[in-house]
Amino acid sequence: MYAIIKCGGKQYKVSEGDILDVDYTGKAAKETLEITDVLAINDGELKIGDAVANAKVEAVVVLDGTGVNRAKKVIIYKKRRRKDSKLKRGFRKSFTKIRIIKIAA
């Protein structure tokens, strides 16, 4: 059984026991997260639309990805040739690592 959920503007295909990184939710570790934005569920046959209107996916926060636990740094480097102009910046994205506990259809 798997479900397609929408979390933070992105879509994820999840099944029970999966661990994934989603956009920062503000939840602390070991808190439960209930995702009600379910787009499709497959339990032998694919259900979409009104068939999954009241479906939900329960997850627990494994790691709060702020501070030290943020994602790997991405380097942004801009250089304009022959202009003596360059810019170097770094960016580390905050995330929340969750584990899917239950898919309720």
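Just above, that's the structure.
Here the structure is a predicted model, which means the values were calculated and not measured. (Residues numbered from 1 in each chain as written. Predicted model: local features only at pLDDT ≥ 70, side-chain atom pairs only at ≥ 80, totals over all residues. Heavy atoms only, no water.)

Visitor: How would you explain the packing of aromatic side chains if you had to name every residue and give the values?
Guide: Tallied over the entire structure, the rule returns 0 aromatic pairs. A cation over a ring is seen here: Lys-13 above Tyr-2, with NZ or CZ 4.4 Å from the ring centre. (Phe/Tyr/Trp six-rings, centres within 6.5 Å; stacked < 30°, edge-to-face > 60°. Lys NZ or Arg CZ within 6 Å of the ring centre and 35° of its normal.)

Visitor: Tell me what's going on with the sheet that holds strand β4 (residues 32-35), and back it up with residues and numbers.
Guide: Strand order across the open sheet formed by 4 strands is β3-β10-β7-β4, with antiparallel pairing between neighbours. Of all the strands in the sheet, the pair left with one neighbour each is β3 (19-23) and β4. Strand after strand, the sheet turns through a mean of 40 degrees between neighbouring axes, direction not considered. Pairing geometry for β4 and strand β7 (residues 56-65), over 4 bridges, is antiparallel. Across the sheet, residue Thr-32 finds its bridge partner in β7, namely Val-60. (Pairing = 2+ DSSP bridges. Helix = DSSP H or I, 4+ residues; strand = E, 2+ residues; numbered from the N terminus. Axes fitted to C-alpha atoms, helices over the stretch in contact; angles between N-to-C directions.)

Visitor: So what's going on with the nonpolar core? Which residues, and what values?
Guide: Counting residues in hydrophobic clusters, the biggest one holds 19 residues, and the most contacted among them are Val-57, Ile-98 and Ile-100. Contributions of two or more residues to this core are made by β1 (2-7), β2 (10-14), β3, β4, β5 (38-42), β7 and β10 (95-104). Residue contacts for Val-57: discarding those within four places in its chain leaves Ala-3, Ile-5, Leu-33, Glu-34, Ile-35, Val-38, Ile-100, Lys-102 and Ile-103. (Core = buried A, V, L, I, M, F, W, Y, C linked by side-chain atoms within 4.5 Å. Buried < 20%, exposed > 50% of the residue type's maximum accessible area, 1.4 Å probe, protein only. Contact = heavy atoms within 4.5 Å.)

So yeah, pure geometry; function would need other evidence.
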